[in-house]
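# Topology and contacts: notes
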Number of protein chains: 2
Amino acid sequence: MKLYSYFRSSASYRVRIALNLKGMSYDIVPVHLLKHGGEQLSQMYRTLNSDGLVPTLIDNETADGQAVLTQSLAILEYLEEVNPTPALLPATALDRAFVRGIALSIACDIHPLNNLRVLRYLVHELKVDESAKNAWYRHWCESGLAALEITLARDSRTGKFCFGDTPTLADCCLVPQIFNAQRLKCNLTEMPTLMRIYQNCQELDAFIQAAPQNQPDAEA
Amino acid sequence: MKLYSYFRSSASYRVRIALNLKGMSYDIVPVHLLKHGGEQLSQMYRTLNSDGLVPTLIDNETADGQAVLTQSLAILEYLEEVNPTPALLPATALDRAFVRGIALSIACDIHPLNNLRVLRYLVHELKVDESAKNAWYRHWCESGLAALEITLARDSRTGKFCFGDTPTLADCCLVPQIFNAQRLKCNLTEMPTLMRIYQNCQELDAFIQAAPQNQPDAEA
């Protein structure tokens, strides 16, 4: 497997965690989102990923030859299907819907609003200043995580991790989002459930090795 | 089944299409996103859906009694699992990843940026005027759909619908997005593949009956 990734991209980070949890080996191909006008926007990269976003996963070992996969959550589901152990989705349809719901509340309702291209539009097109840009970031991140804290705190299925006592797709999404939230100095003091789960994840090698600072393309 | 829905919400629209395609009966509970300060933000609704977003699906017929499901794509996957025929996902892992990738490129990279709460933040917090707000809407919608046009036009799996000749989760997401794009007067002239698929969908009862204008809470 070959993963086109940027060390700080939280969508790439999700896939790195899942590959590590499943013990699948992969090579990182760094895509620098800031240098050279954004390598993700190059014509070469766009032949793989017309959205011009990371990550892209190349699977060289399919029955039909090389396959190109985009969208982090579609990639996580694919990894789960081709390599089901250890399972990152629970056994019942209802519990899978719970885990997917958490993953999607991060991937649809928090992360896209704080993506690099969106922050750039705010600054360059809407002439928003630094402080209003940061307030935007924190607004969506804090309000989204606050809703998630309520969801997880009141559900009896929440355990050491978002669902039970082993990591799922939900944790693959939560950890990169908390990492981003801390980097942008969001207020996480009233999110004890999320922070407890985050800390539990940080004790696992799969999460540690997927972290931005441990990537080949990491920068200070 | 009971679906908390708003006629014009494209996330609700996705679920209505899928329920119709699968021939599952359901009652609509209208949630008015604009009246009464936004019914989706009421304390009562938030006990079901802490995100304060539509849709929410209530399944009264599970083995464990009543289940509450949120996040439209998690609901679509749930419906597929509990009622697999007709299938809205293809047979192989790679093809499922393709369909999910299309659905997610709409659900993560287009729709969240143009959601009501985001447009409100632009106007109320960032003091963006009507014309800049509409330019924002069209920017994300047109650039996202243009990338999707390339993805679908170049992939041999695209048929009468996004994948092959029967509707999938991808079409459940595409149709509401095109509906929104037309409503906000986006330029869709260079998207022949998307528009062809859209028209094919519009010939099916499942899509017609799910359309905003055919909902019990529809307004002029």
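An unreviewed UniProt entry lists chain A under the name Maleylacetoacetate isomerase, with Collimonas arenae as the source organism.

## Observations concerning the packing of aromatic side chains
A full pass over the atoms with the stated rule returns 15 aromatic pairs over all chains. Both rings, one in tyrosine 4 of chain A and one in tyrosine 45 of chain A, keep their centres 5.8 Å apart while their planes meet at 55°; by these two values the pair is tilted. Here tyrosine 4 of chain A is found in strand 1 (residues 2-5), whereas its partner tyrosine 45 of chain A is found in helix 2 (residues 43-48), with 41 residues between them in sequence. The class of tyrosine 4 of chain A is buried, set by a relative accessible area of 14%. Look at tryptophan 136 of chain A and tryptophan 136 of chain B: their rings are 5.8 Å apart centre to centre, the planes differ by 75°, and that puts the pair in the edge-to-face class. One end of the pair, tryptophan 136 of chain A, is in helix 6 (residues 130-153); the other, tryptophan 136 of chain B, is in helix 6 (residues 130-154), on a second chain. Neither residue differs from the other here; tryptophan 136 of chain A and tryptophan 136 of chain B are each classed as buried. Members of the aromatic cluster, each reached through a chain of ring pairs, are Tyr121, Trp136 and Trp140 of chain A together with Tyr121, Trp136 and Trp140 of chain B. When the ring centre of phenylalanine 98 of chain B is taken as origin, the NZ or CZ atom of arginine 157 of chain B, which lies over that ring, is 4.1 Å away.

## A few points about the relation of the copies chain B and chain A
When chain B is fitted onto chain A, the two copies agree to an RMSD of 0.0 Å after a turn of 180° and an axial shift of 0.0 Å. Taken together, the turn and the small shift mark the pair as related by a two-fold rotation axis. Ranked by how close their C-alpha atoms come to the rotation axis, the residues of chain B are headed by cysteine 108 of chain B, at 2.3 Å. With an isologous cut-off of 70% or more, the 100% of interface residues of chain B that recur at the interface of chain A puts this contact in the isologous class.

## Considering the UniProt feature "domain: GST C-terminal" (unreviewed entry) in chain A
Sites flagged by UniProt as "domain: GST C-terminal" (unreviewed entry) map to residues 92-220 of chain A. Secondary structure content for residues 92-220 of chain A is 64% helix and 0% strand, while the C-alpha to C-alpha distance between its ends is 43 Å.

## Focus: the pattern of salt bridges
Applying the stated rule across the entire model yields 18 salt bridges over all chains. Residues glutamate 130 of chain A and lysine 133 of chain A are paired through a salt bridge, measuring 3.7 Å at the closest nitrogen-oxygen approach. Here the residue glutamate 130 of chain A and the residue lysine 133 of chain A both occupy positions in helix 6, the gap between them amounting to three residues, near one helical turn. By relative accessible area, lysine 133 of chain A is classed as buried at 18%. For arginine 157 of chain B, the salt bridge is made with aspartate 95 of chain B, and the minimal N-O distance between the two is 3.0 Å. Placement of arginine 157 of chain B in the loop between helix 6 and helix 7 (169-183) and of aspartate 95 of chain B in helix 4 (residues 93-109) is noted, with a sequence separation of 62 residues between them. Residue classification places aspartate 95 of chain B among the buried residues on the basis of a relative accessible area of 17%.

## Digging into the sheet that holds strand 2 (residues 27-30) of chain A
All names here are of chain A. Ordered in space as 2-1-3-4, the four strands form an open sheet in which the pairing is mixed. This sheet does not close on itself; its edge strands, each paired only once, are strand 2 and strand 4 (65-70). Strand-to-strand twist in this sheet, taken as the mean axis angle between neighbours without regard to direction, amounts to 20°. Inspection of the sheet shows strand 1 paired to strand 2 by four bridges, in the parallel sense. Its bridge partner lying in strand 2, lysine 2 is registered against aspartate 27.

## Some words on the interface of chain B and chain A
Between chain B and chain A, the residue contacts involve 46 residues of the former and 46 residues of the latter. At the boundary of chain B with chain A, total buried surface from both sides reaches about 3,900 Å², with 65% on carbon and sulfur atoms. Summed over the shared surface of chain B and chain A, the result is eight salt bridges. In this structure, the salt-bridge partner of glutamate 81 of chain B is arginine 96 of chain A, at a minimum N-O distance of 2.8 Å. Elements supplying a minimum of two residues to the side of chain B that touches chain A: helix 2 (43-48), strand 4 (65-70), helix 3 (72-82), helix 4, helix 5 (116-124) and helix 6 of chain B. Take the side of chain B that touches chain A: its biggest share by element is 11 residues, from helix 4 of chain B. Across the side of chain B that touches chain A, the residue classes break down as 27 nonpolar, 10 polar and nine charged.

Cut-off values and rules
- Residues numbered from 1 in each chain as written.
- Chains lettered and ligands numbered in written order.
- Predicted model: local features only at pLDDT ≥ 70, side-chain atom pairs only at ≥ 80, totals over all residues.
- Heavy atoms only, no water.
- Phe/Tyr/Trp six-rings, centres within 6.5 Å; stacked < 30°, edge-to-face > 60°.
- Helix = DSSP H or I, 4+ residues; strand = E, 2+ residues; numbered from the N terminus.
- Buried < 20%, exposed > 50% of the residue type's maximum accessible area, 1.4 Å probe, protein only.
- Lys NZ or Arg CZ within 6 Å of the ring centre and 35° of its normal.
- Least-squares fit on C-alpha atoms with pLDDT ≥ 70 in both.
- Contact = heavy atoms within 4.5 Å.
- UniProt positions renumbered as here; feature names shortened; annotations may be inferred.
- Salt bridge = Lys/Arg side-chain N within 4 Å of Asp/Glu carboxyl O.
- Pairing = 2+ DSSP bridges.
- Axes fitted to C-alpha atoms, helices over the stretch in contact; angles between N-to-C directions.
- Buried area = accessible area lost by both parts, 1.4 Å probe.
- Nonpolar A, V, L, I, M, F, W, Y, C, P; charged D, E, K, R; others polar.

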